[in-house]
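# Inside the fold
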Amino acid sequence: MTPAARVAAAIAVLDDWRDGMAAEQALTRWARGARYAGSKDRAAVRDHVYDVLRRAESCARMGGGRTGRALLLGLLQLQGADPAQVFTGLGHAPPPLTAAEAAPPAAPPPADCDVPAWLRAPLAAAVDAPDALFASFSERAPLWLRVNRRRGTPAEVIASLASDGVAARATPLCATALEVTEGARALRRAAAYLGGQVEPQDLSVQRAIARVDWPKTGRILDYCAGGGGKALALADRSAARLFAHDADPRRMADLGPRAERAGVEIVQLATSDLQRVGPFDAVLCDVPCSGSGTWRRDPEAKWRLTPARLDKLKATQDAILDAAVPMVRPGGHLVYMTCSLLEVENQARIAAFLARHPGWALRHQALDTPLTASDGFFCALLTRSE
Ligand SMILES: C[S@@+](CC[C@H](N)C(=O)[O-])C[C@H]1O[C@@H](n2cnc3c(N)ncnc32)[C@H](O)[C@@H]1O
């Protein structure tokens, strides 16, 4: 596909999105009907779509509307490209620009227009430099890997990845984290990935896991395990026996193969097993949240979040913490994590928990943001009195 044909494809996908289809679904639908598109074409179309979703309001204002065509026109203007070179009508390119579309673009709108208005103040309160945070939401998130130290040192992993076309570098911010600087799309074919030496995991998540003083022995439960990313990272930090649970066990489908690749054992538990197997020395609750810390990766989420949905998430977070209490042995740890930047999902949930549960103490809580590490990620460690 030519670059202009990729833009035309992204316009069609964004029209479906504007009509209410989820972006992933719209991309899949387009790809099914575009058998001629190679992997580079699919990646380029996806990049255009996600670049728009991160800055949908800016693109609409620049492009003069909310159709896929207007959004892509706005994106090209924001990127400083010449839309007339793309909107040519030649081959599979989008039709030529109208006179109105060809007029010189306006100045770019302020970055905060791409943050829903009701969330600007609560997000600003989470950081020292709100404008820098809002600007960061327009950028693509870097890809971070976690080195599985059972399988190699960071230096060995960097060398192995390089031989498969993936450039990665270490960071002083976390001993296990590598940032992929080139060749991200080759990762899933790289020997280091297939051999369990690395797993994709954001830098901020790795820092949160590293901050907690996990029990070195005994038993740890990952209560909201999903695909098991946190449980796998924990296996690198503690010799405790690891257990995983999720209210929706189908979400743990990948955990078995991932654990096998990493060379670790994680026992999956059904909800009905918990009482019999517990209590645990530590219980990790990586709860459902707004995902406001990961909007660079999942920009659709910021346009979907509503005050009512946020209230429902807060109630779920409280209910999960309460359900975890009887699973922690006296003197044990309860670890609370979200990928949210919002105080109401983080510090406020911990304060409410402490008010409901005398006999628990807060040991530490910390928030990383795109300004201090990578994703927004919150972690609190609570301990139960003996
Ligand atoms: C943020 S995700 C967890 C991600 C996972 N820890 C990882 O690292 O990939 C939250 C998970 O909580 C699960 N969940 C939702 N309500 C729950 C509940 N009441 N009890 C346990 N798990 C729940 C969801 O099914 C979802 O998989």
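In every chain, residue numbers begin from 1 and rise along the written sequence. Predicted model: local features are reported for residues with pLDDT of at least 70 only, side-chain atom pairs are reported and counted for 80 or more only, and whole-chain, interface and lining totals are derived from all residues.

## Digging into the UniProt feature "binding site: S-adenosyl-L-methionine" (unreviewed entry) in the chain
UniProt positions are given in the numbering used here, feature names are shortened, and annotations may be inferred rather than shown by experiment. Mapped onto this numbering, the UniProt entry annotates "binding site: S-adenosyl-L-methionine" (unreviewed entry) at D246 and D286. Their sequence span is 41 residues, while the largest C-alpha to C-alpha distance among them is just 10.3 Å; these annotated residues converge on one region. By the criteria applied, helices consist of DSSP H or I runs no shorter than four residues and strands consist of E runs no shorter than two, each listed in order from the N terminus. Take D246: it is sitting in the loop between β6 (241-244) and α13 (255-262). We call two residues in contact when the distance between their C-beta atoms, placed using the backbone, is within 7 Å. Those residues in contact with D246, other than ones at most four positions away along the chain, are C224, A225, G226, R251 and M252. When you line up the elements, D286 lands in strand β8 (residues 280-286). Contact partners of D286, with chain neighbours within four places excluded, come to C224, K230 and M337.

## A closer look at helix α16 (residues 307-324)
Here the expected span of a helix is defined as 1.5 Å times the quantity of residues minus one. Over its 18 residues, α16 extends 26 Å from the first C-alpha to the last, a length consistent with the 26 Å expected when each residue adds 1.5 Å. Between the buried cut of 20 or more and the exposed cut of 12 or fewer other C-beta atoms within 10 Å of a residue's own C-beta lies the partly exposed class, and all C-beta atoms are placed from the backbone. Within the span of α16, buried status applies to L313, Q317, L321 and A324. One side of α16 holds all its buried residues, which, seen down the axis, span an arc of 70°. In this structure, α16 carries A308, D311, K312, A315, A319 and D322 as exposed residues pointing more than 90 degrees from its buried face. Residues of α16 that are buried make contact with β8, β9 (328-338) and α17 (347-356). Directions pointing from the helix axis toward each C-beta atom define the arc.

## Comments concerning the site of the ligand
What surrounds the ligand is a group of 16 residues, the closest being C224, G226, G229, A247 and D286. For the shell around the ligand, the elements supplying multiple residues, two or more each, are α12 (229-235) and α16. All residues other than Ala, Val, Leu, Ile, Met, Phe, Trp, Tyr, Cys, Pro, Asp, Glu, Lys and Arg, Gly among them, are scored as polar; the first ten of these are nonpolar and the last four charged. Looking at the shell around the ligand, its residues break down into 7 nonpolar, 4 polar and 5 charged. Using the backbone to place each C-beta atom, any residue with that atom within 6 Å of a molecule or strand is considered near it.

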